[in-house]
Amino acid sequence: MDDVTDRPEQCVVLEEITDENWRAVADVAPSDGQRRFVAALGARYLLLSLRGGLWNSLAIRAGDVVVGHVMWAYDEEGGAHWIGGMIVDAAEQRRGVGRAAMRALILRLAALASCREIRLSYHPENTPAARLYAELGFVPTGDFEDEEVVAALAVSPAVA
């Protein structure tokens, strides 16, 4: 897979949740201003993955440090892969980590033979998220998930 880097040119990697990294992921906390849009700690999303049976959690590592969390799921009924629950630790924000993590996850999902579309949702007042997703090619669908805007990215079929 292609290396994805943040602004300081640290390699940003998505890792499976393990016995070694789960505590660091659970402790990830966004900035205070983002807590109205995402969970206050990565632990909430980890529990959703472990107990909900739908979401798959991944740690976001920049260099040697766990700096975030993101989760994804496949909606068999709708046929789309979904990205949800991304948190970048407050100390690592505004350095390109979120963008690099999203690019890495898009590449990972697009490599799956079943992936034709990636969807996500965001609160309409979360303008940094809306801007990031638009820059990555996501387009609002006109649908809403609860009060959140649903956006989609078409994915070319993976070449075998």
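Conventions used here
Residues numbered from 1 in each chain as written. Predicted model: local features only at pLDDT ≥ 70, side-chain atom pairs only at ≥ 80, totals over all residues. Heavy atoms only, no water. Helix = DSSP H or I, 4+ residues; strand = E, 2+ residues; numbered from the N terminus. Rg over C-alpha atoms; globule rule 2.2 N^0.38 Å. Buried < 20%, exposed > 50% of the residue type's maximum accessible area, 1.4 Å probe, protein only. Contact = heavy atoms within 4.5 Å. Areas by Shrake-Rupley, 256 points an atom, 1.4 Å probe, with all protein chains shown as cover. Pairing = 2+ DSSP bridges. Core = buried A, V, L, I, M, F, W, Y, C linked by side-chain atoms within 4.5 Å. Phe/Tyr/Trp six-rings, centres within 6.5 Å; stacked < 30°, edge-to-face > 60°.

*Asks:* What should I look at first to understand the overall build of the protein in this one?
*Replies:* Helix and strand counts for the protein come out as four helices and eight strands. For the protein, the α and β elements follow one another from N to C terminus as β-β-α-α-β-β-β-α-β-α-β-β. Expected size for 160 residues packed as a compact globule is a radius of gyration near 15 Å; at 15 Å, the protein falls within 12% of this value. Taken along its principal axes, the extent of the C-alpha atoms in the protein is 40 × 35 × 35 Å. Taking all 160 residues of the protein together, the buried fraction comes to 42%. Across the protein, the fraction of contacts at a sequence separation of at least 24, relative to all contacts at a separation of at least 6, is 59%. With an accessible surface of roughly 8900 Å², the protein has 49% of that area assigned to carbon and sulfur atoms.

*Asks:* Which parts of the structure should I look at to understand the pairing of strand β4 (residues 65-75)?
*Replies:* Residues in a regular strand point their side chains to alternate faces of the sheet. Along β4, eight of the eleven residues are buried, which leaves the element largely enclosed by surrounding structure. Between strand β3 (residues 56-62) and the antiparallel strand that follows it, β4, lie two residues; Gly63 among them carries a positive phi value of about 65 degrees. Where β4 hands over to strand β5 (residues 80-88), the hairpin turn is made up of four residues, of which Gly79 adopts a positive phi near 75 degrees.

*Asks:* Explanation requested: the nonpolar core in the structure shown.
*Replies:* Where a protein is soluble and globular, its nonpolar side chains tend to be buried together. Counting 33 residues, the largest nonpolar core has Ile60, Ile83, Met102, Tyr133 and Phe138 as its most contacted members. If you list the elements that add at least two residues to this core, you get β2 (11-16), β3, β4, β5, α3 (97-110), β6 (117-122), α4 (127-135) and β8 (148-154). Looking at this core, the element that brings in the most residues is α3, giving eight residues.

*Asks:* Would you mind going over the packing of aromatic side chains with me for this structure?
*Replies:* To describe a pair of aromatic rings, one takes the distance between the centres and the angle between the planes. Tallied over the entire structure, the rule returns two aromatic pairs. Considering the side-chain rings of Tyr122 and Tyr133, the 5.8 Å spacing of their centres and the 45 degrees angle between planes classify their relative orientation as tilted. Note that Tyr122 is positioned in strand β6 and Tyr133 in helix α4, a separation of eleven residues in sequence. Take Tyr133: its relative accessible area is 12%, and that puts it in the buried class. Plain terms: the ring middles of Tyr133 and Phe138 are 6.1 Å apart, the flat faces sit at 70 degrees to each other, and that makes the pair edge-to-face. Just as Tyr133 is buried, Phe138 falls in that class too. Aromatic rings pair up to connect Tyr122, Tyr133 and Phe138 into one cluster.

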